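Geometric and topological summary
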Amino acid sequence: MKRLTAIGLGVVLLLMVGGGVVVWRWPHASAPGERAVQPGAGPAPSPGAEKPTAPSTRTRAPVTGLSAAEKAARVAQIKRDYDEVRAKAAADYAAAGMAFPGGISAFLRQLALLERELHADYATVLTPLELEDLEMRETAAGQQVQKLLGDTAATEEQRREAFRRQREFDDRFALTFDTAPATLLVRETERQATQEKIREVLGDKLFAAWLRGEGGDFTNFAAFTAQQGLPAGAALELWRAKNDYTLRRLELNAQRTLTPEQSRIAYNVLAEQIRARLLGILGPGGLQAAGPDVLGWLPRGK
């Protein structure tokens, strides 16, 4: 729960009522210290009140002619309103526990909707560039870019492009909790596609710095291939081989028609195919020397 309640969120709360879904929208801010209402909409609804118009059908009129100070004040008020709704959503989930309608998946869908609404409300006050600047500072994707590229030679445009690609993935998958094999396959496919898009933006050298910043496998791959005197690109090829292995295992997991024996054979064949690929990357000596910190993800050959 602590991790979820730390996420910056927005202004839509799904209230599960008697098996149905009621959408409650907290109106975005008007002036500092004042909570706005939609024109002609009356006072803001409270939980349990009559169902208001769904957010997707409401019009958000852009606010123009604001000074920088006025924009900052409005953004701060919007954020405070969002924090209130976020806190209530988290409290409702914590109080309901296992009885929360739809469970953790439903709660995370609420948070995803909140995030989209936050973006839309900020967009009524900020220009597209100002909004991107704000989200590069405050979203998980923006903070990831700052962490992984902060002290590199990446240009401002490279950082923004990497952010846009990571944010697109996060918008779809960051707030999901579905361990069904088919869903995991889709998510991993998109994750790997996103990383390849980021690599295209950064180039191999900067992308290697990105992966090192993530820690874990690639850091071990880079250290090992350097120790073995292998070409600079060997660590990236090793990283790709592991990604392919992960994806193909998920594909096998998602195949519901295989018998247990067919699955066992398929997994063994896959492991042998990846091992042959690693032999071409590392050479016989490197493959033999690689320890669990490098190849612990691959079953040992018989």
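Structure shown above.
Residues numbered from 1 in each chain as written. Predicted model: local features only at pLDDT ≥ 70, side-chain atom pairs only at ≥ 80, totals over all residues. Heavy atoms only, no water.

A short note on the overall build of the chain
Assigned secondary structure in the chain consists of eleven helices and two strands. When the helices and strands of the chain are placed in sequence order, the string is α-β-β-α-α-α-α-α-α-α-α-α-α. In the chain, buried positions account for 40% of the 302 residues. Relative to all contacts within the chain whose residues are 6 or more apart in sequence, the contacts with residues 24 or more apart total 66%. (Helix = DSSP H or I, 4+ residues; strand = E, 2+ residues; numbered from the N terminus. Buried < 20%, exposed > 50% of the residue type's maximum accessible area, 1.4 Å probe, protein only. Contact = heavy atoms within 4.5 Å.)

Let's talk about the environment of A120
Along the polypeptide, A120 turns up in helix α3 (residues 103-122). Taking the C-alpha atoms as reference points, A120 and L131, eleven residues apart in sequence, are found 9.8 Å from one another.

Focus: the layout of surface pockets
Reported here for the second largest pocket is a volume of approximately 230 Å³. Looking at the second largest pocket, it is lined by 14 residues, and the ones nearest its centre are A208, R212, A232, G233 and A235. Elements that contribute at least two residues to the lining of the second largest pocket include exactly α7 (181-214), α8 (217-227) and α9 (234-254). Along the lines of polarity and charge, the residues of the lining of the second largest pocket split into nine nonpolar, two polar and three charged. (1 Å grid on protein atoms, 1.4 Å probe; cavity = no way out; pocket = protein on both sides within 12 Å on 5 of 7 lines; lining within 4 Å. Points joined across faces, edges and corners; volume = space filled by probe spheres on them. Nonpolar A, V, L, I, M, F, W, Y, C, P; charged D, E, K, R; others polar.)

Considering the pattern of salt bridges
Under the definition given, this model contains 24 salt bridges. D92 serves as the salt-bridge partner of K88, at 2.7 Å between the closest nitrogen and oxygen. Within this pair, K88 and its partner D92 are both found in helix α2 (residues 68-96), separated by four residues, close to a single helical turn. K88 sits in the partly exposed class, given a relative accessible area of 26%. The closest approach of N and O atoms between R160 and E156, which form a salt bridge, is 3.1 Å. On the criterion of helical spacing, the pair formed by R160 and E156 is a turn pair, its members being four residues apart in helix α6 (residues 156-173). Among the charged side chains, a network of salt bridges with common partners joins E132, D133, E156, E157, R160, E161, R164 and R165. (Salt bridge = Lys/Arg side-chain N within 4 Å of Asp/Glu carboxyl O.)

Details of the packing of aromatic side chains
Counted under the stated rule, the structure contains seven aromatic pairs. Here F100 and F107 contribute two aromatic rings whose centre-to-centre distance is 6.1 Å and whose plane-to-plane angle is 85°, an arrangement assigned as edge-to-face. In this structure F100 comes out as buried when scored by relative accessible area, which is 9%. Since its relative accessible area comes to 1%, F107 is described here as buried. Clustering of aromatic rings is evident, with ring pairs tying together Y93, F100 and F107. Note that R249 overlies the ring of Y267, its terminal NZ or CZ placed 4.6 Å from the centroid. (Phe/Tyr/Trp six-rings, centres within 6.5 Å; stacked < 30°, edge-to-face > 60°. Lys NZ or Arg CZ within 6 Å of the ring centre and 35° of its normal.)

Remarks on the side chain of K71
Note on placement: K71 falls in helix α2. Look past the residues within four positions of K71 in its chain and what remains in contact with it is L66, V125, L126, T127 and E130.

Description of the packing of α8 against α9
Taken N-terminus to C-terminus, the directions of α8 and α9 make an angle of 140°; their axes are 8 Å apart at the nearest point. Our classification of the angle between α8 and α9 gives oblique. Of the two possible hands of crossing, α8 and α9 adopt the one that is right-handed. The segment α8 lies against α9, with D217, F218, F221, A222 and T225 engaging A234, A235, L236, L238, W239 and K242. In terms of residue class, the contact of α8 with α9 is built from eight nonpolar, one polar and two charged. (Axes fitted to C-alpha atoms, helices over the stretch in contact; angles between N-to-C directions. Parallel < 35°, antiparallel > 145°, perpendicular 65-115°, else oblique. Left-handed = near helix turned anticlockwise from the far one by under 90°.)

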